[in-house]
Amino acid sequence: MLAPGAWSAVRLGARGLGGGAPRGAVGRAAVGGKKLDIAGIYPPVTTPFKATAEVDYGRLEENLHKLSTVPFRGFVVQGSNGEFPFLTSSERLEVVSRVRRAMPRDKLLLAGSGCESTQATVEMTVSMAQEGADAALVVTPCYYRGRMTSAALIHHYTKVADLSPIPVVLYSVPANTGLDLPVDAVATLSQHPNIVGLKDSGGDVTRLALIIHKTKKQDFQVLSGSAGFLLAGYAIGAVGGICALANALGAQVCQLERLCLTEQWEAARELQYRLIEPNMAVTRRFGIPGLKKAMDWLGLYGGPCRAPLAPLSPVEEDQLRRDFSSQGWL
């Protein structure tokens with residue numbers, strides 16, 4: 001993180017702090033004035049831990065090498081599946097640095113830089129840019145959710161985007177925050193030259209369609225936040241997805257993307273049906289412990305979560321296995 005007192009310096013000169021971001025994808029800079037294109041599929045990379053609860057950077061790099069064989073557009077680190085609330089600031093930055101070095105240079109790195117205060121979010125965003133992030137995924141602040149009005153959130157995201165040396169992607173995940181980023185706030189923020197898109201994990205396809213409709217005149221892209229409604233997202237104009245299930249069934253999620261983009265809707269529907277149960281299992285039913293267990297079964301390292309997230313019980317593990325095996329994935 002930035003040293004104490006650096007906030008004022010960031011305020012004065014954030015545009016010059018993006019030296020760590022690769023391939024010229026810095027701040028508002030874009031070819032011909034066009035914003036950064038974020039279309040595609042991204043796995044929100046999990047954070048591996050040792051039995052001692054330390055971050056296992058070696059396992060992280062091994063997972064990245066395996067995931068890099070799948071045709072993802074890029075990777076998300078420090079999203080909800082990265083257990084970022086349980087990491088120290090230095091661990092969050094070290095994860096970004098290690099992933100940047102381990103992943104192919106032609107893929108995008110979206111880094112979750114959201115914090116509860118605007119100041120902390122700006123500082124984390126600048127620091128993650130210096131570690132090589134191409135864009136910042138900024139979750140809604142939520143501890144004081146009763147005061148997180150549209151006006152407050154517009155002010156927050158505008159300040160972050162003004163001072164960020166890399167493009168900003170809005171992130172709405174009401175299951176974790178208890179807060180939906182309001183549609184009117186998204187529509188306003190879509191006009192900001194350094195805000196390039198939204199990841200919406202709420203699963204309300206009507207809301208998603210309304211956001212896409214209200215932002216269609218802007219250079220603004222929407223990503224579905226789950227594989228469970230990926231097909232529906234493509235059908236209404238979303239351009240990709242950040243999908244927890246892609247950590248375990250990455251090739252299949254990318255296949256669904258290809259089927260949608262080539263308008264093979266019947267085959268896409270059949271594949272979407274087969275992904276719904278395992279997706280529910282690794283998201284709302286069993287969460288990150290379920291996702292990590294599925295990764296263990298499917299050739300990647302899941303391992304333990306950091307406390308207080310507990311491992312699955314034997315009964316839960318049996319149900320998880322059924323959710324995957326019943327669709328032919330195990």
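Residues numbered from 1 in each chain as written. Predicted model: local features only at pLDDT ≥ 70, side-chain atom pairs only at ≥ 80, totals over all residues. Heavy atoms only, no water.

## Let's talk about the overall build of the protein chain
Next up, step 1: Each helix and strand counted, the protein chain has 13 helices and eight strands in total.
Next up, step 2: In summary, the protein chain has a C-alpha radius of gyration of 19 Å against a globular reference of 20 Å for 330 residues, a match within 12%.
Next up, step 3: Here the protein chain, with 330 residues, has 56% of them falling under the buried criterion.
Next up, step 4: Restricting the contact set of the protein chain to residue pairs at least 6 apart, pairs at least 24 apart contribute 75%.
Next up, step 5: Split by element, the accessible area of the protein chain, about 13500 Å² in all, is 54% carbon and sulfur.
Next up, step 6: Charged side chains in the protein chain number 34 positive and 29 negative. The centres of these two groups are separated by 4 Å. (Helix = DSSP H or I, 4+ residues; strand = E, 2+ residues; numbered from the N terminus. Rg over C-alpha atoms; globule rule 2.2 N^0.38 Å. Buried < 20%, exposed > 50% of the residue type's maximum accessible area, 1.4 Å probe, protein only. Contact = heavy atoms within 4.5 Å. Areas by Shrake-Rupley, 256 points an atom, 1.4 Å probe, with all protein chains shown as cover. Lys, Arg positive; Asp, Glu negative; His and termini not counted. Charge placed at Lys NZ, Arg CZ, Asp CG, Glu CD.)

## A short note on the environment of Ala 151
Next up, step 1: With respect to the helices and strands, Ala 151 occurs in helix H5 (residues 150–163).
Next up, step 2: C-alpha separation for the pair Ala 151 and Ala 185, spaced 34 residues apart in sequence, amounts to 7.5 Å.

## Considerations on the UniProt feature "binding site: pyruvate" (unreviewed entry) in the protein chain
Next up, step 1: Here, UniProt's "binding site: pyruvate" (unreviewed entry) annotation points to Ile 242.
Next up, step 2: Of note, Ile 242 is situated in strand S8 (residues 240–242).
Next up, step 3: The residues contacting Ile 242, other than those within four sequence positions of it, are Tyr 42, Pro 44, Val 76, Leu 110, Lys 199, Leu 223, Ser 224, Gly 225 and Ser 226. (UniProt positions renumbered as here; feature names shortened; annotations may be inferred.)

## A few points about the side chain of Ser 150
Next up, step 1: Within the secondary structure, Ser 150 is located in helix H5.
Next up, step 2: Ignoring anything within four residues of it in the chain, the contact list for Ser 150 reads Pro 182, Asp 184 and Ala 185.

## Section: the packing of aromatic side chains
Next up, step 1: The full count for this structure, using the stated rule, is two aromatic pairs.
Next up, step 2: Centre to centre, the rings of Phe 72 and Phe 75 are 6.0 Å apart; their planes meet at 70 degrees, and the pair counts as edge-to-face.
Next up, step 3: Summarising the aromatic geometry, the rings of Tyr 143 and Tyr 144 are spaced 5.0 Å apart at their centres and angled 85 degrees between planes, so their arrangement reads as edge-to-face. This pair shows no difference in class: Tyr 143 is exposed, exactly as Tyr 144 is.
Next up, step 4: It is Arg 274 that lies over the ring of Trp 329; its NZ or CZ is 3.9 Å from the centre.
Next up, step 5: Geometry around Trp 297 places Arg 321 over its ring, the cationic atom sitting 4.1 Å from the centre. (Phe/Tyr/Trp six-rings, centres within 6.5 Å; stacked < 30°, edge-to-face > 60°. Lys NZ or Arg CZ within 6 Å of the ring centre and 35° of its normal.)

## Topic: the pattern of salt bridges
Next up, step 1: Using the criterion set out here, one finds 11 salt bridges in the structure.
Next up, step 2: Arg 59 serves as the salt-bridge partner of Glu 62, at 3.7 Å between the closest nitrogen and oxygen. Of this pair, Glu 62 and Arg 59 both sit in helix H2 (residues 57–67), three residues apart, which is roughly one turn of the helix.
Next up, step 3: Residues joined in a network through salt bridges with shared partners are Glu 61, Glu 94 and Arg 98. (Salt bridge = Lys/Arg side-chain N within 4 Å of Asp/Glu carboxyl O.)

## Brief notes about the sheet that holds strand S1 (residues 40–42)
Next up, step 1: Pairing within the open sheet is parallel, and its eight strands lie in the order S1-S8-S7-S6-S5-S4-S3-S2. Pairing within the sheet leaves two strands with one partner each, and these edge strands are S1 and strand S2 (74–77). Taking each pair of neighbouring strands and ignoring which way they run, the sheet shows an average axis angle of 25 degrees.
Next up, step 2: The pairing of S2 with strand S3 (residues 108–112) spans four bridges and is parallel. Of the residues in S3, the one forming a bridge with Val 76 is Leu 110. (Pairing = 2+ DSSP bridges. Axes fitted to C-alpha atoms, helices over the stretch in contact; angles between N-to-C directions.)

## Observations concerning the UniProt feature "active site" (unreviewed entry) in the protein chain
Next up, step 1: Per the UniProt annotation, the sites labelled "active site" (unreviewed entry) are Tyr 171 and Lys 199. Over a stretch of 29 residues, the named residues converge on one spot in the fold, their C-alpha atoms separated by at most 4.9 Å. Among the annotated residues just listed, those that line the largest pocket are Tyr 171 and Lys 199.
Next up, step 2: Here Tyr 171 shows up in strand S5 (residues 168–172).
Next up, step 3: Leave out the neighbours within four places in its chain, and Tyr 171 touches Ser 80, Leu 137, Val 138, Val 139, Thr 140, Tyr 157, Leu 198, Lys 199 and Ser 201.
Next up, step 4: A polar contact of 2.8 Å, which involves the side chain of Tyr 171, links it to the side chain of Ser 80.
Next up, step 5: The topology assignment puts Lys 199 in strand S6 (residues 195–200).
Next up, step 6: Classification of Lys 199 as buried rests on a relative accessible area of 4%. (1 Å grid on protein atoms, 1.4 Å probe; cavity = no way out; pocket = protein on both sides within 12 Å on 5 of 7 lines; lining within 4 Å. Polar contact = N/O pair within 3.5 Å; in protein donor to acceptor, adjacent residues only side chain to side chain.)

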